[in-house]
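Each chain, written out:
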Amino acid sequence: MPFTITLNLEKQHQKRQEFFTHSLVELSDFFSNEIKKELLNDLTKMFLLNGVRRDFTMQATDCTPRRMTNIESRFLHQNKRITNLYNDTRLTSLLCDVVGEKVYPCPYEPEKIVATKLHKEGDTHGWHWDDYSLALVFVLKAPIPSAGGILQCVPHTNWNRKSPDIISWFLIDNIRSYYFPSGSVYLMQTKTTLHRVYPLLQEDEERIILNFAYATKLDLRNKMNHETVDALWNPES
Ligand SMILES: O=C(O)CCC(=O)C(=O)O
Ligand SMILES: [Fe+2]
């Protein structure tokens, strides 16, 4: 059993409130240590076979850096453990209970499931918003906070793709920082939360995550521009 659905009404209320307030909620306890260990083993092997190095700046998010190794969706989709978990109706109903609305699989394959490894000094997933509203992130391996790799975010913000002006959001609200140790799982409202992973400060550290993207009804209604994910796989700058 990869996870437990023990969301009684009181807990559902608490998780939903937390999600609405912070645009982020921790769901680590719903997933077994066994599934986290298996996912980490699978990804560790896949990074060796299919990992692709990214090192560029993303124009659409004010030229923030992407320094990381990724596994593309098409490889992750070949792993039954990962796709079964992504599509498990018990998982989507847990997410629906937390966010208070229907949750749909991400309709854009390259963005649906992505794995990211930060492993060199200075590696970072720079400031950005995601295209779809929800990201369930499994932090399968994380260094100690003093080695970097912590999550930072500014919720209740939005992405003006023509003029992202990220700094202006820092002047409106504080940056919140979160430390998620190995084995953490969190859900974020990633479309309205400016977020980044702080640069790794040490060469011999590793941070490995698996990101499941899900969509809301509103996401499906609007035409989506996929430039950041497209740029991730085909960087120009
Ligand atoms: O690594 C994380 O915790 C966040 C990942 C992320 O923002 C993304 O994959 O879009
Ligand atoms: Fe993101």
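Residues numbered from 1 in each chain as written. Chains lettered and ligands numbered in written order. Predicted model: local features only at pLDDT ≥ 70, side-chain atom pairs only at ≥ 80, totals over all residues.

Participant: Break down the site of ligand 1 for me, with residues and values.
Facilitator: Around ligand 1 sit Val114, Thr116, His125, Asp130, Ala135, Val137, Leu151, His195, Val197, Ile209 and Asn211, and those are all the residues in its vicinity. Contributions of two or more residues to the shell around ligand 1 are made by strand E5 (113-118), strand E7 (134-141), strand E11 (193-197) and strand E12 (207-215). (Near = placed C-beta within 6 Å. Helix = DSSP H or I, 4+ residues; strand = E, 2+ residues; numbered from the N terminus.)

Participant: Give me the lowdown on the environment of Ala115, citing residues and values where you can.
Facilitator: Note on placement: Ala115 falls in strand E5. Note: C-alpha distance between Ala115 and Val137 (22 residues apart in sequence) is 9.5 Å. Those residues in contact with Ala115, other than ones at most four positions away along the chain, are Leu43, Asn70, Ile71, Leu76, Ile209 and Leu210. (Contact = placed C-beta atoms within 7 Å.)

Participant: Quick rundown of helix H4 (residues 80-87)? Include the residues and the values.
Facilitator: Of the positions making up H4, those classed as buried are Ile82, Leu85 and Tyr86. End-on, the buried residues of H4 take up no more than an arc of 100 degrees, which puts them together on one face. Among the exposed residues of H4, those oriented more than 90 degrees off its buried face are Lys80, Asn84 and Asn87. Buried residues belonging to H4 abut helix H2 (33-50), helix H3 (73-76), helix H5 (89-99), E5 and E12. (Buried ≥ 20, exposed ≤ 12 C-beta atoms within 10 Å, placed from the backbone. Arc of directions from axis to C-beta.)

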